[in-house]
Amino acid sequence: MNVNYHRARVFEKQPIKDDFQIVRVPGGDQGFSCLPYNQKGLFKISIHHGANRIYYADKVVEMKERAILFSRPNMVYHFEPLGEQYSGYICVFTEKFFDQFVNINDYPLFKPGVSPLTEISDSQMEAFVEVFEKMELEHGLDFTYKHDTIRVLVLQLILDTLKLRPNPDLRSRESNSAMRLSHHFKELLEGQFPILSPGYKMLLRHPAEFADALFVHVNHLNRSLKEVTEKTTSQLIADRIFLEAKLLLQNTDWNINEIAWCLGFEDLAHFIKFFKKNAGTTPSGMRKVLAV
């Protein structure tokens, strides 16, 4: 997969002030990136008009013209525009936003193993945009119960999209539970890469964090991964962090401190020790070798 690791153009970061936010995405030649909204614990729904290639986890999918995308917390993805891009919308919300309303995790579109992208027709695009416009209008109102209205509109996006998806498409194909859990773990791990900005930090780095995200006990996760891959959870995470470290050293001009921070190392000395254990040389030494 050929992805540009150099600094991507992103929209100005707009911190989440409450448990819901909606943003109108401008068209034109501004490369769309969700990096500003890759905060831990956020669900995202976005609508897109224009041909794109989307990278997420270890997968690559292409949309020809129009699509709606559902992203669960901790899922990182990157768009590669393949033509002219038109305006769209993105809404982000927390699980807490739906407390006492519905369990948002019950909907298949937010489950690991289900494709996040649904291509839509011109008329379906118009209908979805209308829902986003209603959410934008409601969000700006000074109305005590506006969030209840917005929740209903978000559910309308989810349910209308589910109607467009064939049932088999919403089910994971792996029957073995260990294989299925291993697949979901890999998707979560790979979903954090590639790191495209020195301002982005890995969201999940420790086995317990992955277990929480997958709603399983960490011991169960470790046993399942050991059964399928013959490696522990910690080993799989360390292997992928080391690979990303090498790619960042080779493909960016970021300094070692920036790379260490992006990969979750608060202490530079810890990163250097980790890297030397895996590579037999320091990050600086590796960068000199790769530059030759």
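Just so you know, these numbers come straight off a predicted model, no measurement behind them.

Novice: Which residues make up helix H1 (residues 122-139), and what are the values?
Specialist: Between its terminal C-alpha atoms H1 stretches 26 Å, which fits the 26 Å expected from 18 residues at 1.5 Å a residue. Contacts from the buried residues of H1 go to strand S1 (20-25), strand S2 (42-49), strand S5 (66-71), strand S7 (86-94) and helix H2 (146-164).

Novice: Pulling in residues and values, what's your account of the sheet that holds strand S8 (residues 117-119)?
Specialist: With antiparallel pairing, the five strands of this open sheet are ordered in space as S1-S7-S2-S5-S8. Only two strands of the sheet have a single partner each, and these edge strands are S1 and S8. If you compare each strand with its neighbour and ignore which way they point, the axes differ by 10° on average. Of the strand pairs in this sheet, S2 and S5 are connected by six bridges, and their pairing is antiparallel. Along S5, the bridge assignment pairs Ile 45 with Phe 70. Against the sheet, H2 engages S1, S2, S5, S7 and S8, with an angle of about 115° to S5.

Novice: Lay out the confidence of the model for the protein with the relevant residues and their values.
Specialist: Summary statistics for the protein give a mean pLDDT of 84 and a share of 86% for residues scoring 70 or more. Across the protein, the secondary-structure element scoring lowest on mean pLDDT is strand S6 (residues 77-81), at 79, and the one scoring highest is H1, at 96. In the predicted structure, residues 1-14 sits below a pLDDT of 50 and forms 43 contacts with residues beyond four places in sequence or in another chain. Contacts of residues 171-175 to residues separated by more than four positions or lying in other chains number six contacts, the stretch itself having pLDDT below 50.

Novice: A description of the environment of Ala 178 should follow, citing residues and the corresponding values.
Specialist: Mapped onto the elements of the fold, Ala 178 is located in helix H3 (residues 177-190). Assessed through its relative accessible area of 4%, Ala 178 is described here as buried. Here Ala 178 is in contact with Ser 224, Glu 227 and Val 228, once residues within four sequence places are set aside.

Novice: Residue-level account of the sheet that holds strand S3 (residues 52-56), with values.
Specialist: The sheet built from three strands is open, its strands ordered S4-S3-S6 with antiparallel pairing. The sheet terminates laterally at strand S4 (59-63) and S6, the two strands that pair on one side only. Direction aside, the axes of adjacent strands within the sheet are offset by 20° on average. In terms of strand pairing, S3 meets S4 through five bridges, oriented antiparallel. Note that in S4 the partner of Tyr 56 across the bridge is Lys 59.

Novice: Residue-level account of the packing of H3 against helix H5 (residues 218-229), with values.
Specialist: Between H3 and H5, whose axes approach to 9 Å, the crossing angle comes to 100°. Put simply, H3 runs roughly perpendicular to H5. Contact residues: H3 offers Ala 178, Met 179, Leu 181, Ser 182 and Phe 185, while H5 offers His 220, Leu 221, Ser 224, Leu 225, Glu 227, Val 228 and Thr 229. Partitioned by chemical class, the residues of the contact of H3 with H5 number seven nonpolar, four polar and one charged.

Cut-offs and rules
- Residues numbered from 1 in each chain as written.
- Predicted model: local features only at pLDDT ≥ 70, side-chain atom pairs only at ≥ 80, totals over all residues.
- Heavy atoms only, no water.
- Helix = DSSP H or I, 4+ residues; strand = E, 2+ residues; numbered from the N terminus.
- Expected span 1.5 Å × (residues − 1).
- Contact = heavy atoms within 4.5 Å.
- Pairing = 2+ DSSP bridges.
- Axes fitted to C-alpha atoms, helices over the stretch in contact; angles between N-to-C directions.
- pLDDT = per-residue confidence, 0-100.
- Buried < 20%, exposed > 50% of the residue type's maximum accessible area, 1.4 Å probe, protein only.
- Parallel < 35°, antiparallel > 145°, perpendicular 65-115°, else oblique.
- Nonpolar A, V, L, I, M, F, W, Y, C, P; charged D, E, K, R; others polar.

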